[in-house]
Amino acid sequence: MSDPQISIDLARIEHNARTVVDLCRASGITPFGVTKGTCGMPQVARAMLRGGVRGIAESRFENIRRLRDAGIDCPIMLLRSPPLTRVEELVRTVDISLQSELQLMREISRVAERLGRVHDIILMIDLGDLREGIWPNDLVPTVEAILELPGVRIAGVGTNLTCFGAIIPTRENLTQLVAHAQTVETMTGRPLDWVSGGNSSSLPLLLAGGMPSGINNLRVGEAILQGGRDTFLTEPWQALDRDAFELTGELLEVKTKPSLPIGQSGIDAFGNVPVFVDEGDRLRGIANIGREDVIAEGLIPTRPGVRVLGASSDHLVLDLTEADPPLAVGENVSFRMNYGALLTVMTSEYVEKVPMRDVRETGEVKTYAIETDAIGGALVVVQDVAQRIEHLGFERGAEDADKTLTLSIRARKRDVLPFVEEAGRRHDALGLIWIDSDAAMMPDGEAGLPPPDNAVLSRMLTRLPPHIAPENIVLIGLRNAAPEEAAVLKASCLRVFTMAEIDAVGLRQAMRDAITLASAGTRGFHLFYAPTATDMSGWSGGIGGITVRETHSAMEMAALSGKLRSLSISGIDAALPSPIGAECANFILSAFGKTIL
C-alpha cells in the first residue's frame, strides 16, 4: 500500500441509518442523513438513503454539487447559512436551508423572486449553545419580518446543541423549541413542516424516552457514520455499528529508542510544548500518516498493545512494544477514529478513500442463466454456449436469484437496457463496465419510446440511478464520439478510457481501474460488451479497437475479480460473420472463468 487509505463500509452505514430511522419513526420523527463527515461522498449518501433517511443534509456547496452531479435527487438541506455571494446557488440547488440572519433571508427572497421560486427555510433558534440562531426574545419580530418576504417560506424551526457550547439536549430545552414552534404556527396560520430538534446528540434523549412530543426531525450524521462513538459516551447503543471506517497506514520505521527525547526541550512544529513520560527504552514505530491527514489524538489503534504517542506533519509515532501480534517495517497498522479525526481524514487529499460493502462477495458463483432474442439464441445454440458454461462448473439457476450470473445476448443495444435495469434492482447497488467503440451518448428521444442505439447510455444515466450510479460507470475502448457526446462525457462523472489512453497505459491497467471504480461501494458490476470494441481478423467492424487477446484478458479479469454479477452482449446480428460470432462466444466463456490452464 503506497499511501494511507480509509475503508468505508457502506453496509454498516446503511445498517446504522436503518436503525436510527426505525427508532425515530416510532416517535413520529423523520431524520435527514448528514454526509458532511465524508465530504458529501455519493456512495455514503446512497447508503443512508437505502437505510430510509428522508433526505441528505450538507454544509458545503461543493459537496452538494458532488451529490447532484452523481444523480442524487432527494431533498437536500443546507446546514449553514451561505455567504451573500452564493445565495443564487443556494436557491438553485438546495431544497431547504437553516437560517438565522434576517439580512441574508432578505437577499434569499430577492434572488428567489427573480428566479420565480420560493425557498424553504428552517428558522434556527439559539437555546443556549451559543452557535447560530436567533435569540428567543427576537422570535416574534423576526417572524413578522420574514412574513413580508415573498421569496421565503418558513417551513420549520430548529435548534443546534452540543456542537459549540456542549449544551446537551434535554426535555426542558427541546420543550422550549416546541413552544416556539407553536408561536410561529400561530403567527403564520399554518402548521410547520419541521420542528428540528438537533443532531445525533439528541438520540440518547430519544432512546431514553425523554423526547418531547412535537419534535419531528433530527439531522443525524455521527450516529450513522460512527455508530454513536462520540454521542453515546457513557453507555454505547449496542444496535449501532461503530466500525464503518478504518484508517490504514504503513510502518516506515520500527526501532527501539528511549521514551524521553534527548537534549534541550522547546516547542514543537505546531507551537505546543510536548510532555513525555520516562518509560525506559521502548519499541517505536513510524507510520506514513501525519497531522496533514488526521487529528492524531482522535485515533484508536485496532491492534491490541499499540499506542499513539503523537504526530508531526507527515509522521505518526507509535509505541509498538506491547503490540500483539508484533509489527514490522512494511506492515500495515489500522485505526478507528472519533468524528474529528474522520473529518480531517476525509478532507485530506493524501488519503485514498475506498468505499466497500462488507457482505458476502466470495465470487464463487455456481449458477447461471441466459436470456436472448432470436439471433442471440441462435448464437447460444450454434456455439453450444450453455453446455460450455456448464463444463466450467456452473449449473442452471433462476434468472432473478441473487447469486446467479446472468447473461443476455441481444442484437440491439437498446434491448439490453431492461436487462441492466433489472440487474441493478436485483443487486440494489451495481457498477457498470461498458466496453464499446461508440459513446452511445447522443441526445435521447421521447421517454416513452425505446432509445436509438446511439443514445442508450444517455437513457441509462436517467433510468439507472440510484441502483447504478454515474460514479460507478466506466467506458472502455471508446473510439467514436460526436462533439456533443464528447461534451456530455467531459461534464459527467463517468470514467472513460479511450483507445488513446489504453494505448498509453495498457488494457490491463485500464481494466484494473475500471473494476475498482465499478466495485466501489457496490455489490459488484454488470459488464456490457459490443463486438465493435475488438479488432478481429477479417472484419472491418472493429478496426482500431482492442485486440482479441486484450478482450479475453478483460473478461478474465472480470471473472477473477469475483465482482461480476451479470453480462450482456449486443451487436450480435444476422450480418455478423460466423467467425466473429464464434469469437464472441469465446469471450463469454472467458467472462465465466475459462482460462488457458
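Scroll up to find the structure.
The rules we used
Residues numbered from 1 in each chain as written. Predicted model: local features only at pLDDT ≥ 70, side-chain atom pairs only at ≥ 80, totals over all residues. Heavy atoms only, no water. Helix = DSSP H or I, 4+ residues; strand = E, 2+ residues; numbered from the N terminus. Buried < 20%, exposed > 50% of the residue type's maximum accessible area, 1.4 Å probe, protein only. Contact = heavy atoms within 4.5 Å. Areas by Shrake-Rupley, 256 points an atom, 1.4 Å probe, with all protein chains shown as cover. Lys, Arg positive; Asp, Glu negative; His and termini not counted. Charge placed at Lys NZ, Arg CZ, Asp CG, Glu CD. Salt bridge = Lys/Arg side-chain N within 4 Å of Asp/Glu carboxyl O. Pairing = 2+ DSSP bridges. Polar contact = N/O pair within 3.5 Å; in protein donor to acceptor, adjacent residues only side chain to side chain. Phe/Tyr/Trp six-rings, centres within 6.5 Å; stacked < 30°, edge-to-face > 60°. Lys NZ or Arg CZ within 6 Å of the ring centre and 35° of its normal. Axes fitted to C-alpha atoms, helices over the stretch in contact; angles between N-to-C directions.

Caption draft 1: Focus on the overall build of the protein chain. Regarding its fold elements, the protein chain presents 19 helices and 24 strands. Counting the 597 residues in the protein chain, one finds 52% classified as buried. Considering only residue pairs separated by 6 or more positions, the protein chain has 69% of its internal contacts joining residues 24 or more positions apart. In the structure as shown, the protein chain presents an accessible area of about 25700 Å², 52% of it carried by carbon and sulfur atoms. Distance between charge centroids for the protein chain: 2 Å, based on 58 positive and 77 negative side chains.

Caption draft 2: Region of interest: the pattern of salt bridges. This structure, assessed with the given rule, holds 34 salt bridges. It is possible to trace a salt-bridge network through shared partners that takes in Glu-279, Arg-282, Arg-307, Asp-319 and Glu-322.

Caption draft 3: Up close: the pairing of strand β22 (residues 495–498). Taken together, the four bridges between strand β21 (residues 473–478) and β22 define a ladder with parallel strand orientation. By the bridge assignment, Ile-476 is partnered in β22 with Phe-497.

Caption draft 4: The side chain of Asn-199, seen in detail. Here Asn-199 lies in the loop between β8 (194–196) and α8 (203–207). At 3.3 Å, the side chain of Asn-199 and the backbone oxygen of Leu-161 are in polar contact. A polar side-chain atom of Asn-199 sits 2.6 Å from a polar atom in the side chain of Ser-201. With sequence-adjacent residues up to four places away left out, Asn-199 is seen in contact with Asn-160, Leu-161, Cys-163, Leu-218 and Arg-219.

Caption draft 5: Representation of the packing of aromatic side chains within the structure. Overall, the coordinates contain five aromatic pairs when judged by the stated rule. Ring centres of Phe-32 and Trp-194 lie 5.7 Å apart, and the angle between their planes is 90°; this geometry places the pair in the edge-to-face category. Residue Phe-32 is located in strand β2 (residues 30–34), and its partner Trp-194 is located in strand β8; the two are separated by 162 residues in the primary sequence. By the burial criterion, Phe-32 is buried, and Trp-194 matches it. Ring geometry for Phe-232 and Trp-237: centres 5.6 Å apart, planes at 55°, overall tilted. In terms of burial, Phe-232 and Trp-237 fall into one category: buried. Its end group placed over the ring of Phe-270, Arg-291 keeps NZ or CZ at 5.6 Å from the ring centre. The residue whose ring lies beneath Arg-495 is Phe-497, and the NZ or CZ to ring-centre distance is 4.0 Å.

Caption draft 6: The environment of Arg-282, seen in detail. Tracing the backbone shows Arg-282 in strand β11 (residues 281–287). Arg-282 gets classed as buried once you look at its relative accessible area, which sits at 13%. For Arg-282, the residues in contact, after removing those within four places along its chain, are Lys-255, Thr-256, Lys-257, Ser-259, Arg-307, Asp-319, Thr-321 and Glu-322.

Caption draft 7: Fine view of the environment of Met-105. Within the secondary structure layout, Met-105 lies in helix α5 (residues 102–114). Given a relative accessible area of 0%, Met-105 falls into the buried group. Considered as a pair, Met-105 and Asp-278 are 173 residues apart in the sequence and their alpha carbons are 58 Å apart. Discounting chain neighbours no more than four positions away, the residues touching Met-105 are Gln-99, Ser-100, Ile-121, Leu-123, Ile-146, Leu-149 and Val-152.

Caption draft 8: Molecular detail of the sheet that holds strand β19 (residues 405–410). Strand order across the open sheet formed by eight strands is β18-β17-β19-β24-β23-β20-β21-β22, with parallel pairing between neighbours. The sheet is open, and its two edges are formed by β18 (395–396) and β22, each paired on a single side. Bridge analysis of strand β23 (residues 525–529) against strand β24 (residues 564–570) gives five bridges, and the strand direction is parallel. Bridge assignment links Phe-528 to a residue of β24, and that residue is Ser-568. Against the sheet, helix α14 (residues 456–463) makes contact with β20 (431–435) and β21, and its axis sits at roughly 175° relative to β20, the strand it touches most.

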